[in-house]
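A structural walkthrough
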Amino acid sequence: MLSIFRRTAIAALVMGSASAFAQTPAVDYALSFDNAVHHEATISSTFTGAKGEYLDFRMSRSSPGRYAIHEFAKNVYDVTAVDHNGKALDVERVSPYAWRVKNDPAGVKVTYTLFANRADGTYSGIDETHAHLNFPATLMWNEALADAPVSVNFTPFAKDWKVATQLAKTSDPFSFTAPNLQYLMDSPTELSDMDIVSWKQESAGKSYTINLAVHDPGTFEDVEAFVEKAKKVVATQMDVFGELADFDYGEYTFIACYMPQVNGDGMEHRNSTILTNVLPLFETELGHNSHIRTLSHEFFHSWNVERIRPADLEPFDFTQANPTTNLWFAEGFTSYYGELTLKLTGEYDSKTYYDKMAGAINAVKLRNGPKHFSPEGMSLQAPFVDAATAIDPTNFSNTFLSYYTYGHGLGIALDLMIRSEFPGKSLNDVMQQAWKTLGKPEKPYSADDVQKALADGVGDKAFAADFFKRYIHGQEIPDYAALLKNAGLNLELESPDTASLGPVSTDFSNGAALISAGTIAGTPLYDAGLEKGDAITHIGRYNTRDKARWDLALKNFKPGDTTTIRFKRFDKELETEVTFYQKPDLEITEMAEDEVSYKATSFRSAWLGEAESEDER
Ligand SMILES: [Zn+2]
Ligand SMILES: [Zn+2]
């Protein structure tokens, strides 16, 4: 208390007579969408109580949960400003991202137009059906007022629009508040004619409201069916941590927009998530049930990343990229649990789940990325790959493996290691330890803190140190076949008799197989000297002018066969020798009943739930 009074007293002395009229700092936004059809919003921001001769306001260059730079300022124009008497102020653009006016502490009102036509977790999308708003892509802000309370007022475009947001409610259904800039920017908001279903979830003696808001061309019955799936996800993930996160204002909101004009995405926030998908709920099978997959991943983030939070993301800096070495854990382990949850809720049958795991394991074992970067190094690549755009080519097909996939693979390995070496324990014990020591008290973590949670969760410091040294700081690949064997599962070649040239992207639109992405080191095509841009016309005697002929050509060779490849490069016709290898992809299958031990089947059901009965398969 003393320090607050002292600071006030000093400020009054320094500011002299002006302090007598000093305004309480506040930032008030008003948004309207009269030109929604052409994707425009009119936005005003009133900055009150800022000190100093000049007032700067800016657009963000980054958004929480996205790791690349995004120049949101490019979609802002017609910027004007007035003082608290309504007198026009000269607006100077002081950088590509910031503007400046002469300050009026009693309030400077800035008005601008925003163009917004990409509805997802990073950008904003406005049209006659909705205003889907991510605030770093939408709102100008002033750094000196970052701690000031915020109000946001919307004028809906259509009468039937409702609002879904984690912002604090007021008595006016279109007015909301936030305690400060950080919370405001973390609070994406959708206005549309949506369906909202709410339910109560008890946790640790408190009752929380979970809202599922869906903007979708389907029916209310579609939404209700989806709610039943979401309830199972919430309950299953609560079991991992033992309780829900203590949501601010007692609420968590899934903000889902499944309209055809969106871009598919999912983005986590403290008390909400954005879920976008171009498919409506009634076509979810066309997208391999991606609606519930994204929901499952994002809800897990309400513990892991929103509260069990990397220290290098705090506080979030909206003026630059926010790199962290911990995405293998924050995103990768979330991917592991996002998928495992759906096996446990019954959304996936065993075969589907084995294929998902095999996908992650194949990537970790077969891709070249882990030869170049550890999981921590790969996490630091995020600013270049996470919705990043650039025109200069990269060698990512050889050097990058997504930290989602890399971390997913390590989550599988660590859970299996713990379950085999510490009977009765699992990765859940580690997540609970991390929750108790880091997440619940909201103590942002370093890698050492996660290592300690692992050590304490399993009660073995040496095990944790060894795991981090080999697999997190280092680049070793776990022995998946041995680990899966403990669960009575085989990890074997999917098709040992299939000849392959390696994974390759081809484009047949010009009557040849044009290699459209960099070839991959260690594959027959790479070793034969073929590269992106080469147009393969023949493999042996087979013409490869379309996909059907390409597939036919490959089918006629066996692993170990050598043949000639004819191709065009830089307008010249060339040829080279290539030797096929065995298709290296692995698959996971259950061991036959007569060769699997009781111990292994118990291990498996403790991990993946009881096996479905034969007629359910
Ligand atoms: Zn929408
Ligand atoms: Zn995520």
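If you check an unreviewed UniProt entry, the protein appears there as Peptidase M61 from Alteromonas confluentis.

Observations regarding the domain arrangement of the protein
Along its sequence, the protein is organised into domain 1 (2-192), domain 2 (194-291), domain 3 (303-492 + 595-617) and domain 4 (499-582). Centre-to-centre, using C-alpha coordinates, domain 2 lies 23 Å away from domain 3. Contacts between the two partners involve 21 residues from domain 2 and, on the opposite side, 19 residues from domain 3. Here domain 2 and domain 3 share an interface that buries about 1800 Å² over both sides, 54% of which is from carbon and sulfur atoms. In terms of surface lost to domain 3, no three residues of domain 2 exceed Val240, Phe241 and Arg270, which account for 38% of the buried area on that side. Linking domain 2 with domain 3 are three salt bridges. The residue Glu347 makes a salt bridge to Lys229 at a minimum N-O spacing of 3.2 Å. Of the residues forming the side of domain 2 that touches domain 3, the biggest block, nine residues, is contributed by helix H3 (residues 220-241).

A word on the UniProt feature "domain: Peptidase M61 catalytic" (unreviewed entry) in the protein
Under the UniProt annotation, the feature "domain: Peptidase M61 catalytic" (unreviewed entry) is placed at residues 292-408. The span residues 292-408 is 57% helical and 0% strand by assignment, and the distance between its end C-alpha atoms comes to 18 Å.

Remarks on the sheet that holds strand S3 (residues 54-58)
Pairing is antiparallel across the open sheet formed by three strands, whose spatial order is S3-S7-S6. The open sheet terminates on both sides in strands that have one partner only, identified here as S3 and strand S6 (92-95). Each strand of the sheet is rotated relative to its neighbour by a mean of 35°, with strand direction disregarded.

Topic: the environment of Pro25
Mapping Pro25 onto the fold places it in the loop between helix H1 (2-15) and strand S1 (26-32). The partly exposed category is assigned to Pro25, whose relative accessible area is 36%. Linking Pro25 and Ala144, residues 119 residues apart in sequence, is a C-alpha distance of 9.4 Å. Here Pro25 is in contact with Thr48, Gly49, Leu145, Ala148 and Pro149, once residues within four sequence places are set aside.

Here we look at the coordination of the zinc ion (ligand 1)
Here the zinc ion (ligand 1) is held by His130 (ND1), Glu190 (OE), His215 (ND1) and Cys257 (SG), and the distances to it run 2.0 to 2.3 Å. One can describe the donor arrangement at the zinc ion (ligand 1) as tetrahedral, given that its four donor atoms subtend angles of 90 to 129° at the metal. Positions of the donor residues of the zinc ion (ligand 1), expressed as sequence spacing, correspond to H-x59-E-x24-H-x41-C. One end of the pair, His130, is in strand S10 (residues 130-133); the other, Glu190, is in strand S15 (residues 189-192), and 60 residues separate them in sequence. By relative accessible area, His130 is classed as buried at 1%. Judged by its relative accessible area of 1%, Glu190 falls in the buried class.

Topic: the pattern of salt bridges
Opposite charge on two side chains permits pairing when their charged atoms draw close. The final tally for this structure, using the stated rule, is 26 salt bridges. Note that Glu251 is salt-bridged to Lys169, the shortest N-O span being 2.8 Å. Placement of Glu251 in strand S18 (residues 251-257) and of Lys169 in strand S13 (residues 168-169) is noted, with a sequence separation of 82 residues between them. Ionic pairing is found between Glu339 and Arg293, a salt bridge with its closest N-O pair at 2.6 Å. Placement of the pair is Glu339 in helix H5 (residues 327-344) and Arg293 in helix H4 (residues 290-300), with a sequence separation of 46 residues. Assessed through its relative accessible area of 30%, Arg293 is described here as partly exposed. The network of salt bridges with common partners includes Arg66, Asp265 and Asp386.

Here's the deal with the coordination of the zinc ion (ligand 2)
Taken together, His297 (NE2), His301 (NE2) and Glu331 (OE) make up the protein donors of the zinc ion (ligand 2), found 2.0 to 2.1 Å from the metal. Here the donor residues for the zinc ion (ligand 2) map to a single chain with the spacing H-x3-H-x29-E. You can see His297 sitting in helix H4 and its partner Glu331 sitting in helix H5, a full 34 residues away along the chain.

Thoughts on helix H11 (residues 403-421)
The end-to-end C-alpha separation of H11 is 26 Å, in line with the 27 Å expected for 19 residues at 1.5 Å each. With 15 of 19 residues buried, H11 lies mostly within the body of the structure.

A short note on a negative patch on the surface
A cluster of acidic side chains, namely Glu492, Glu593, Asp594 and Glu595, defines a negative patch on the protein surface. Along the chain, Glu593 falls in the loop between strand S30 (586-590) and helix H18 (598-608). By relative accessible area, Glu593 is classed as exposed at 71%.

A look at the nonpolar core
Of all hydrophobic cores here, the largest spans 95 residues; its most connected members are Phe254, Leu454 and Trp607. Per-domain counts for this core show at least three residues from each of domain 2 (194-291) and domain 3 (303-492 + 595-617). Excluding residues that lie within four positions of it along the chain, Leu454 makes contacts with Leu414, Ile418, Val430, Phe463, Ala464, Phe467 and Phe468. Ala50, Ala131, Ala158 and Phe174 belong to the second-largest nonpolar core, a separate cluster that totals 52 residues.

Description of the UniProt feature "domain: Peptidase M61 N-terminal" (unreviewed entry) in the protein
UniProt tags residues 29-192 as "domain: Peptidase M61 N-terminal" (unreviewed entry). Between the first and last C-alpha atoms of residues 29-192 the distance is 19 Å; the span itself is 3% helix and 43% strand.

Some thoughts on the packing of aromatic side chains
For the structure on display, the rule yields 37 aromatic pairs. Between Phe254 and Phe299, the ring centres sit 5.5 Å apart and the planes meet at 40°, which makes this aromatic pair tilted. Of this pair, Phe254 sits in strand S18 while Phe299 sits in helix H4, and the two are 45 residues apart along the sequence. Considered together, Phe254 and Phe299 belong to a single accessibility category, that of buried residues. Ring geometry for Phe300 and Trp303: centres 6.3 Å apart, planes at 55°, overall tilted. Assessed through its relative accessible area of 0%, Phe300 is described here as buried. Ring-pair connections join several aromatic residues into one group, and the members of that group are Tyr208, Phe241, Phe247, Tyr252, Phe254, Phe299, Phe300, Trp303, Tyr336, Tyr337 and Trp435.

Brief notes about helix H12 (residues 427-439)
Structural remark: α-helix, 3.6 residues per turn; residues separated by three or four positions point the same way. Taken as a whole, H12 has its buried residues at Leu427, Val430, Met431, Gln433, Ala434, Trp435, Leu438 and Gly439. Packed against the buried residues of H12 are H3, H4, H5, H11 and helix H13 (447-458). N-cap assignment for H12: the residue whose side-chain oxygen lies 3.1 Å from the backbone N of Asn428 is Ser426.

A closer look at the packing of helix H6 (residues 350-366) against H11
Look at H6 against H11: their axes get within 8 Å of each other, and the N-to-C directions meet at 110°. As summarised for this structure, H6 and H11 are arranged roughly perpendicular, according to the angle between their axes. Pair H6 / H11 crosses with left-handed handedness. Taken together, the residues of H11 that come into contact with H6 (itself represented by Met357, Ala360, Ile361, Ala363 and Val364) are Thr405, Tyr406, His408, Gly409 and Ile412. Considered class by class, the residues forming the contact of H6 with H11 number seven nonpolar, three polar and no charged.

Each value, and the rule that gives it
Residues numbered from 1 in each chain as written. Chains lettered and ligands numbered in written order. Predicted model: local features only at pLDDT ≥ 70, side-chain atom pairs only at ≥ 80, totals over all residues. Heavy atoms only, no water. Domains from an automatic or database assignment. Contact = heavy atoms within 4.5 Å. Buried area = accessible area lost by both parts, 1.4 Å probe. Salt bridge = Lys/Arg side-chain N within 4 Å of Asp/Glu carboxyl O. Helix = DSSP H or I, 4+ residues; strand = E, 2+ residues; numbered from the N terminus. UniProt positions renumbered as here; feature names shortened; annotations may be inferred. Pairing = 2+ DSSP bridges. Axes fitted to C-alpha atoms, helices over the stretch in contact; angles between N-to-C directions. Buried < 20%, exposed > 50% of the residue type's maximum accessible area, 1.4 Å probe, protein only. Donors = N, O, S within 2.8 Å, 3.2 Å for Na, K, Ca; no water. Tetrahedral: all angles 85-135°; square planar, octahedral: opposite > 155°, others 65-115°. Expected span 1.5 Å × (residues − 1). Patch = residues over 30% accessible without salt bridge, like charges linked within 9 Å, V, L, I, M, F, W, Y side chains within 5 Å. Areas by Shrake-Rupley, 256 points an atom, 1.4 Å probe, with all protein chains shown as cover. Lys, Arg positive; Asp, Glu negative; His and termini not counted. Charge placed at Lys NZ, Arg CZ, Asp CG, Glu CD. Core = buried A, V, L, I, M, F, W, Y, C linked by side-chain atoms within 4.5 Å. Phe/Tyr/Trp six-rings, centres within 6.5 Å; stacked < 30°, edge-to-face > 60°. Polar contact = N/O pair within 3.5 Å; in protein donor to acceptor, adjacent residues only side chain to side chain. Parallel < 35°, antiparallel > 145°, perpendicular 65-115°, else oblique. Left-handed = near helix turned anticlockwise from the far one by under 90°. Nonpolar A, V, L, I, M, F, W, Y, C, P; charged D, E, K, R; others polar.

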